[in-house]
Protein chains: 2
Amino acid sequence: MQSPFPPLFIFLLITAPAQADTTNGVVVTKSASQQVSIGSPETFTGEVHVTSRFQRAAPARIGGGDVTFDAKARTAWHTHPLGQTLIVTEGEGWVQHWGGKAQAIKPGDVVWIPPNVKHWHGATSHSRMRHIAISESLNGKSVEWLEHVTDDQYPADTSN
Amino acid sequence: MQSPFPPLFIFLLITAPAQADTTNGVVVTKSASQQVSIGSPETFTGEVHVTSRFQRAAPARIGGGDVTFDAKARTAWHTHPLGQTLIVTEGEGWVQHWGGKAQAIKPGDVVWIPPNVKHWHGATSHSRMRHIAISESLNGKSVEWLEHVTDDQYPADTSN
């Protein structure tokens, strides 16, 4: 499927620059001023859009964004050195760790992926899925990307 | 206004126990299994409900939740040792740091409150406001609560 976004906006999620903390006051980044990025085909399968991206500078270390997966879209297998929290806000999706069964996720569900657990998350085959994703960086790195989730690994439906 | 929740569910946000990280796999906390808590009158003004609360154990240090403020409801003044990020998901609200002007916030806006900046956030006088709030704990503490936001300090409307 042709992406609605020009190549300029295609970049890896892990390359989000740390936001310089040059203010002593509250910073509001308005929705209209935010760039929409799409998940790189190197680390995602299918159409994935990210808004509300943020990355805080030391001494803080959190970063994240609001991620929407079209039906069938998903991350590649990956790990986070300090874990990741997902808050599902729309649709129906899956999360699965290596060697485990895919678990269905829906709005309001909160997901904890412990440090260094190989996993993937994404939409079901018939519904988009949207979640807020937050992770902490360790030595400037918050994710290690691995191989793609193959069509054989991807669940056929939500009947679990 | 009478709270729809019994006193059992009234507790300070800062007393959320760290979630023991006793698993090597993904943990999904289903929406239906989550307790709804309300903001304590010691640290909030008005009706504030919190769902999807989480607190990760070391080596992770993030915690947060999905917070809904009824119209006119707001936090007390407070600070976070490692800052706080808000992602607004519904309604219209305010965020303000001490000595600064109240800034209007709407869905999709992302707010950064730097470490140790005295501030408050909440709904406008005519609309509820909902946001995801995430902060990092330092030595087990993620917030220091201060005095309430008085009616004189609270903005009269959203005309800014």
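Here the structure is shown first, and the text comes after it.
A brief look at the structure comes next. All figures in this text were calculated on a predicted structure; none of them were measured in a lab. (Residues numbered from 1 in each chain as written. Chains lettered and ligands numbered in written order. Predicted model: local features only at pLDDT ≥ 70, side-chain atom pairs only at ≥ 80, totals over all residues.)

Counting from both sides, the interface comprises 44 residues of chain B and, opposite them, 44 residues of chain A. Of all the elements in the fold, those that place two or more residues in the side of chain B that touches chain A are strand 1 (27-29), strand 4 (48-55), strand 5 (62-69), strand 8 (84-91), strand 9 (93-97), strand 10 (103-105), strand 11 (110-113) and strand 13 (129-136) of chain B. In terms of residue count, the dominant contributor to the side of chain B that touches chain A is strand 11 of chain B (four residues). In terms of residue class, the side of chain B that touches chain A is built from 21 nonpolar, 15 polar and eight charged. By the bridge criterion, three bridges tie strand 11 (residues 110-113) of chain A to strand 1 of chain B in an arrangement that is antiparallel. (Contact = placed C-beta atoms within 7 Å. Helix = DSSP H or I, 4+ residues; strand = E, 2+ residues; numbered from the N terminus. Nonpolar A, V, L, I, M, F, W, Y, C, P; charged D, E, K, R; others polar. Pairing = 2+ DSSP bridges.)

Between the two copies, chain B and chain A, the superposition gives an RMSD of 0.0 Å; the rotation angle is 180° and the shift along the axis is 0.0 Å. Here the symmetry operator amounts to a two-fold rotation axis. When each C-alpha of chain B is compared by its distance to the rotation axis, Ile62(B) comes out closest, at 3.9 Å. Of the residues that chain B buries at the interface, 100% are likewise interface residues in chain A, meaning the two copies contact each other through the same surface. (Least-squares fit on C-alpha atoms with pLDDT ≥ 70 in both.)

As a further point, take the environment of Ala58(A). All names here are of chain A. Mapped onto the secondary structure, alanine 58 falls in the loop between strand 4 (48-55) and strand 5 (62-69). Exposure remark for alanine 58: the 10 C-beta atoms within 10 Å place this residue in the exposed category. In this structure the C-alpha to C-alpha distance between alanine 58 and serine 137, which are 79 residues apart in sequence, comes to 9.9 Å. (Buried ≥ 20, exposed ≤ 12 C-beta atoms within 10 Å, placed from the backbone.)

Here we take up the nonpolar core. One recurring pattern in soluble globular proteins: nonpolar side chains tend to sit buried together. Ranked by internal contacts, the top residues of the largest apolar core, which has 56 residues, are Val111(A), Ile132(A), Val111(B) and Ile132(B). When sequence neighbours within four positions are dropped, the list of residues in contact with Val111(A) reads Thr85(A), Leu86(A), Val95(A), Ile105(A), Val26(B) and Val28(B). (Core = buried A, V, L, I, M, F, W, Y, C linked by C-beta atoms within 7 Å.)

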